[in-house]
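Structure assessment
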Amino acid sequence: MPRPKSQPKYQRHRPTGQAITRIDGRTIYLGKYDTPASHQKFAQVLSDWQLTGTAVAKDQLLVKNLLLAYLKHASEYYRKGGEQTSEYRCLLYAARMLNEHFGELPAGKFGPRALQMLREKMIARGWARRTINNHVRRVRRMFKWAASQEMVSGEVTHALDSVDSLKAGRSQAREIQPREPVSREAFDKTLQQVASHQTCDMMRLQLYTGMRSGELVIMRPC
């Protein structure tokens, strides 16, 4: 099992009289030792390290660093009953796509045109329009969270919000055909293959009332 990384420390660099900290074998200079400015810079470096596992200035933060920080947050936030929800798995799909094409781009440079390019990549992979729109919303959410953590400027999120969702019939994205109800003939044939009388009764009740499956299974004699 790998040893956990120790938290960076605020130190004095005797030869120069500057404050420093060391992360991943790299020395980061913070300014004159024991000054408010140096302590403020150290706090920012420490915050970046806690979020992303590395020390990156805001203007040098890459998209891949932002994703690492966001997914760490999302892995705890998107839980229900102690288990990660399906939304977290969907976030992973969006994050992988974003990292594949824009991981090395400075996060502050990811703007509307980059988001539209990412969307075109999704279309090229044959993803459905609704799926693409949902993933684009997830990407926006990632950057909005990053802005709330002061990892990127709020201007980035405002710019990304200017990209409209794909409209039906107005893009090259694949459309999902609407689900049609099964025929009565298929329904009757299915009943003949169901062994449980209770299940058959439930199917008939749902057919006659149109109630949802969730409503059906919670019915009680009372």
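This text goes with the structure placed above it.
In what follows, the accompanying structure is described. (Residues numbered from 1 in each chain as written. Predicted model: local features only at pLDDT ≥ 70, side-chain atom pairs only at ≥ 80, totals over all residues. Heavy atoms only, no water.)

With that settled, the discussion passes to the packing of aromatic side chains. This model, assessed by the stated rule, comprises six aromatic pairs. Ring plane angle 75° and centroid distance 5.6 Å describe the contact between Tyr 10 and Phe 42, whose orientation is recorded as edge-to-face. In this pair, Tyr 10 sits in the segment before strand S1 (11-13) while Phe 42 sits in helix H1 (residues 36-52), placing the two residues 32 residues apart along the sequence. A single burial state applies to Tyr 10 and to Phe 42, both of which are buried. Ring centres of Tyr 77 and Tyr 78 lie 4.9 Å apart, and the angle between their planes is 80°; this geometry places the pair in the edge-to-face category. With a relative accessible area of 15%, Tyr 78 lands in the buried category. Feature note: the residues Tyr 10, Tyr 33 and Phe 42 constitute an aromatic cluster, connected by ring pairs. Over the aromatic face of Tyr 93 sits the side chain of Arg 96, whose NZ or CZ is 5.9 Å from the ring centroid. (Phe/Tyr/Trp six-rings, centres within 6.5 Å; stacked < 30°, edge-to-face > 60°. Helix = DSSP H or I, 4+ residues; strand = E, 2+ residues; numbered from the N terminus. Buried < 20%, exposed > 50% of the residue type's maximum accessible area, 1.4 Å probe, protein only. Lys NZ or Arg CZ within 6 Å of the ring centre and 35° of its normal.)

Here we come to helix H8 (residues 197-209). For H8, with 13 residues, the first-to-last C-alpha span of 18 Å sits near the 18 Å given by 1.5 Å per residue. At the N-terminal boundary of H8, the capping side chain belongs to Ser 196, with an oxygen 3.3 Å from the backbone nitrogen of Gln 198. Gly 210 sits one or two residues past H8 and shows a positive phi near 75°. (Expected span 1.5 Å × (residues − 1). Polar contact = N/O pair within 3.5 Å; in protein donor to acceptor, adjacent residues only side chain to side chain.)

Secondary-structure assignment places Gln 84 in strand S5 (residues 83-84). Judged by its relative accessible area of 30%, Gln 84 falls in the partly exposed class. As a C-alpha pair, Gln 84 and Ala 74 span ten residues in sequence and 9.2 Å in three-dimensional space. Excluding residues that lie within four positions of it along the chain, Gln 84 makes contacts with Ser 75, Tyr 78, Arg 79 and Arg 89. There is a polar contact of 3.4 Å between the side chain of Gln 84 and the backbone oxygen of Ser 75. (Contact = heavy atoms within 4.5 Å.)

With 39 residues, the main nonpolar core has Leu 98, Phe 110, Leu 118, Met 142 and Phe 143 as its most contacted residues. When residues in this core are grouped by element, the largest group, eight residues, is from helix H5 (residues 129-148). The contact partners of Phe 143, leaving out residues within four places of it in the chain, are Val 63, Leu 66, Leu 98, Ala 107, Phe 110, Val 152, Val 156, Thr 157 and Leu 160. In this structure, Ile 28, Leu 30, Val 45 and Leu 46 belong to the second largest nonpolar core, which totals nine residues. (Core = buried A, V, L, I, M, F, W, Y, C linked by side-chain atoms within 4.5 Å.)

So, on to the environment of Gly 82. Along the chain, Gly 82 turns up in the loop between strand S4 (79-80) and S5. Separated by 52 residues in sequence, Gly 82 and Leu 30 have C-alpha atoms that sit 41 Å apart.

Attention now goes to the sheet that holds S1. With antiparallel pairing, the three strands of this open sheet are ordered in space as S1-S2-S3. The outermost strands of the open sheet, each flanked by one partner alone, are S1 and strand S3 (26-32). Within this sheet the neighbouring strands show an average axis-to-axis angle of 45°, counted without direction. Bridge count between strand S2 (residues 18-23) and S3: six bridges; the pairing is antiparallel. (Pairing = 2+ DSSP bridges. Axes fitted to C-alpha atoms, helices over the stretch in contact; angles between N-to-C directions.)

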